[in-house]
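# Examining the three-dimensional arrangement
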Amino acid sequence: MEKTFLMVKPDGVQRGLIGDIVSRFESKGFQLVGAKLMSISEELAEKHYEEHKERPFFSDLVQFITSGPVFAMVWQGEHVIATARQMMGTTNPQEAAPGTIRGDYGLIVGKNIIHGSDSVQSAEREIKLFFQEEELVEYSKLI
Ligand code: CMP
């Protein structure tokens, strides 16, 4: 079953959007297999965003993601990686369609509420960065 890493960023946590965001993915039919409210160290932030290391906004990115608690999650389901990205909306919230998370709640690219893995490889890497194997659950096939 495909898995993805999603994270409510400090702006989303502070604005009380965790419940709404979790509810959207549950309603869609995805299963939550791991979740935790946590603070991100500078070291973890730099690893998570290493592909953006050379970008001019890299230090702002690290500063922002370490500025307050985040809600890290692993979700599973058919095509969850691409579908979650659609549900999040485009990176820049000003261009994100209404009905998407960023389209409904965001205004600024640097504070775009949620992160989601963009490929199978990123999902595997990001899940391993944020979660131990034993922190993820398995669902009964009987229900
Ligand atoms: P995310 O999907 O978490 O991954 C990279 C992040 O970089 C992206 O969300 C944005 O929040 C951020 N980002 C992209 N472009 C800019 C920019 N021009 N200025 C600041 N942050 C940016």
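Residues numbered from 1 in each chain as written. Predicted model: local features only at pLDDT ≥ 70, side-chain atom pairs only at ≥ 80, totals over all residues. Heavy atoms only, no water.

- By the naming in an unreviewed UniProt entry, the protein chain is Nucleoside diphosphate kinase, taken from Lederbergia ruris.
- The UniProt entry for the protein chain carries the following text under Cofactor (unreviewed entry): "Mg(2+)". (UniProt positions renumbered as here; feature names shortened; annotations may be inferred.)

### Structural notes on the UniProt feature "modified residue: Phosphoserine" (unreviewed entry) in the protein chain
- UniProt tags Ser 122 as "modified residue: Phosphoserine" (unreviewed entry).
- Considering the arrangement of structural elements, one finds Ser 122 in helix α7 (residues 120-130).
- By relative accessible area, which is 12% here, Ser 122 ends up buried. (Helix = DSSP H or I, 4+ residues; strand = E, 2+ residues; numbered from the N terminus. Buried < 20%, exposed > 50% of the residue type's maximum accessible area, 1.4 Å probe, protein only.)

### Things to note about the site of the ligand
- Taken together, Lys 9, Tyr 49, His 52, Phe 57, Leu 61, Thr 91, Arg 102, Val 109, Gly 110, Asn 112 and His 115 make up all the residues around the ligand.
- Residue Lys 9 places a side-chain N or O atom 2.7 Å away from an oxygen atom belonging to the ligand.
- Side-chain polar atom of Asn 112 to an oxygen atom of the ligand: 3.3 Å apart, as the coordinates give it.
- Burial of the ligand by the surrounding chains reaches 77%, relative to a free accessible area of 460 Å². (Near = heavy atom within 4 Å. Polar contact = N/O pair within 3.5 Å; in protein donor to acceptor, adjacent residues only side chain to side chain. Areas by Shrake-Rupley, 256 points an atom, 1.4 Å probe, with all protein chains shown as cover.)

### Observations concerning the nonpolar core
- Counting 20 residues, the largest nonpolar core has Leu 6, Ile 21, Phe 25, Met 73, Trp 75 and Ile 114 as the members making the most contacts within it.
- Per-element tally for this core: the top contributor is helix α5 (residues 80-88), with five residues.
- Look past the residues within four positions of Trp 75 in its chain and what remains in contact with it is Glu 2, Lys 3, Thr 4, Leu 6, Val 22, Phe 25, Glu 26, Phe 30, Gln 31, Leu 32, Val 33 and Val 80.
- Judged by nonpolar contacts, the second largest core, of 18 residues, contains Ile 40, Phe 58, Val 62 and Ile 127. (Core = buried A, V, L, I, M, F, W, Y, C linked by side-chain atoms within 4.5 Å. Contact = heavy atoms within 4.5 Å.)

### A look at the packing of helix α2 (residues 18-28) against α5
- Interaxial distance between α2 and α5 falls to 12 Å at its minimum, and their mutual angle equals 135 degrees. Between α2 and α5, the angle falls in the class oblique. Handedness of the α2/α5 crossing: right-handed. Residue-level contacts link Arg 24, Phe 25 and Lys 28 of α2 to Thr 83, Ala 84 and Met 87 of α5.
- For the contact of α2 with α5, the class distribution of residues is three nonpolar, one polar and two charged. (Axes fitted to C-alpha atoms, helices over the stretch in contact; angles between N-to-C directions. Parallel < 35°, antiparallel > 145°, perpendicular 65-115°, else oblique. Left-handed = near helix turned anticlockwise from the far one by under 90°. Nonpolar A, V, L, I, M, F, W, Y, C, P; charged D, E, K, R; others polar.)

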